[in-house]
Amino acid sequence: GKDRFETSYKIAEDGFPDGYGMALATGYNFPDALFLSSFCLKYHIPLLLYDTINKNKSQPIKPYYDKIFNQVQNKVVGKTFVVGMDNPPFQTNYNMSFDNIKGKNRFDTNIEIANCITINPKTVIVANGHKFADALAGASLSSVLGNAPIILTDADRIHPMVNKYLSNPSIETV
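As the structure is a prediction and not an experimental result, all values here were calculated from the model.

Q: Help me understand the pattern of salt bridges in this model?
A: Any two side chains of opposite charge can pair, so long as their charged atoms come close to each other. Following the criterion strictly, the structure yields 2 salt bridges and no others. A salt bridge links Arg157 to Asp154, with the shortest nitrogen-to-oxygen separation between them at 3.2 Å.

Next up, the structure:
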């Protein structure tokens, strides 16, 4: 696509033509999109990036968004997960449920999403929450390791929320 928003639409359209849900994240806050990769893999849904800065311009993801809502009206109830925004970006009258996953900061939101993937993970990937390349590399590793949650932390110390999460006795490998 010509930008990240159109690219996310084209990936969703080509990779999930009969989708039943999606994850929506702002295209300007890389941590939300990065740690959603494991989440999307688990639920077999695409990640669509929404332009939260230019809300009034045409959104490339809108056709896919509408298509999913039209499909779920006549099928199973789908679900859309919204991260990094207060509400779904488009008004709809469709019978679709929305889960807004958010925390006080990127680390808290990350833990919320990790808990949606699994409450008791055996393997966890820890990445720098301030540099996108670390978590980006971890996304493919997550897939290989059976959809291990990607947990973001500070570069020079383990964030207190992450420390608490990592104390889960089910975790065998970090």
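On we go from here.
Q: In this structure, what is going on with helix H5 (residues 132-144)? I would like to understand it.
A: The periodicity of an α-helix, 3.6 residues per turn, causes residues three or four places apart in sequence to face the same way. The terminal C-alpha atoms of H5 lie 19 Å apart, and with 13 residues this matches the ideal 18 Å at 1.5 Å per residue to within 8%. Where H5 is buried, its residues meet helix H2 (30-43), strand S5 (125-128) and strand S6 (150-153). Count one or two residues on from H5 and you reach Gly146, which has phi positive near 80°.

Q: Is there a simple way to think about the nonpolar core in this case?
A: Buried together is how nonpolar side chains tend to be arranged in soluble globular proteins. Membership of the largest hydrophobic core comes to 18 residues, with the highest contact counts inside it found for Leu36, Phe39, Ile113, Ala135, Ile150 and Leu152. Grouped together as the second largest cluster of nonpolar side chains are 10 residues, Tyr9, Ala12, Met22 and Tyr50 included.

Q: Help me out: how do you make sense of the packing of aromatic side chains in this one?
A: The geometry of two aromatic rings is summed up by the distance between their centres and the angle between their planes. Considering all chains together, one arrives at 2 aromatic pairs under this definition. Pairing Phe5 with Tyr28 gives two aromatic rings, centres 5.6 Å apart and planes at 55°, and the pair type is tilted. Highlighted residues: Phe5 in helix H1 (residues 4-15) and Tyr28 in the loop between strand S1 (21-26) and H2, separated in sequence by 23 residues. Judged by its relative accessible area of 36%, Tyr28 is partly exposed. Seen in terms of ring centroids, Phe39 and Tyr43 are 4.8 Å apart; in terms of plane orientation they differ by 50°. Their pairing is tilted. Placement of both Phe39 and Tyr43 in helix H2 is noted, with a separation of 4 residues, approximately one turn of the helix. Accessibility expressed as a relative area gives 0% for Phe39, which makes it buried. The partly exposed category is assigned to Tyr43, whose relative accessible area is 26%.

Thresholds, definitions, all that
- Residues numbered from 1 in each chain as written.
- Predicted model: local features only at pLDDT ≥ 70, side-chain atom pairs only at ≥ 80, totals over all residues.
- Heavy atoms only, no water.
- Salt bridge = Lys/Arg side-chain N within 4 Å of Asp/Glu carboxyl O.
- Helix = DSSP H or I, 4+ residues; strand = E, 2+ residues; numbered from the N terminus.
- Expected span 1.5 Å × (residues − 1).
- Contact = heavy atoms within 4.5 Å.
- Core = buried A, V, L, I, M, F, W, Y, C linked by side-chain atoms within 4.5 Å.
- Buried < 20%, exposed > 50% of the residue type's maximum accessible area, 1.4 Å probe, protein only.
- Phe/Tyr/Trp six-rings, centres within 6.5 Å; stacked < 30°, edge-to-face > 60°.

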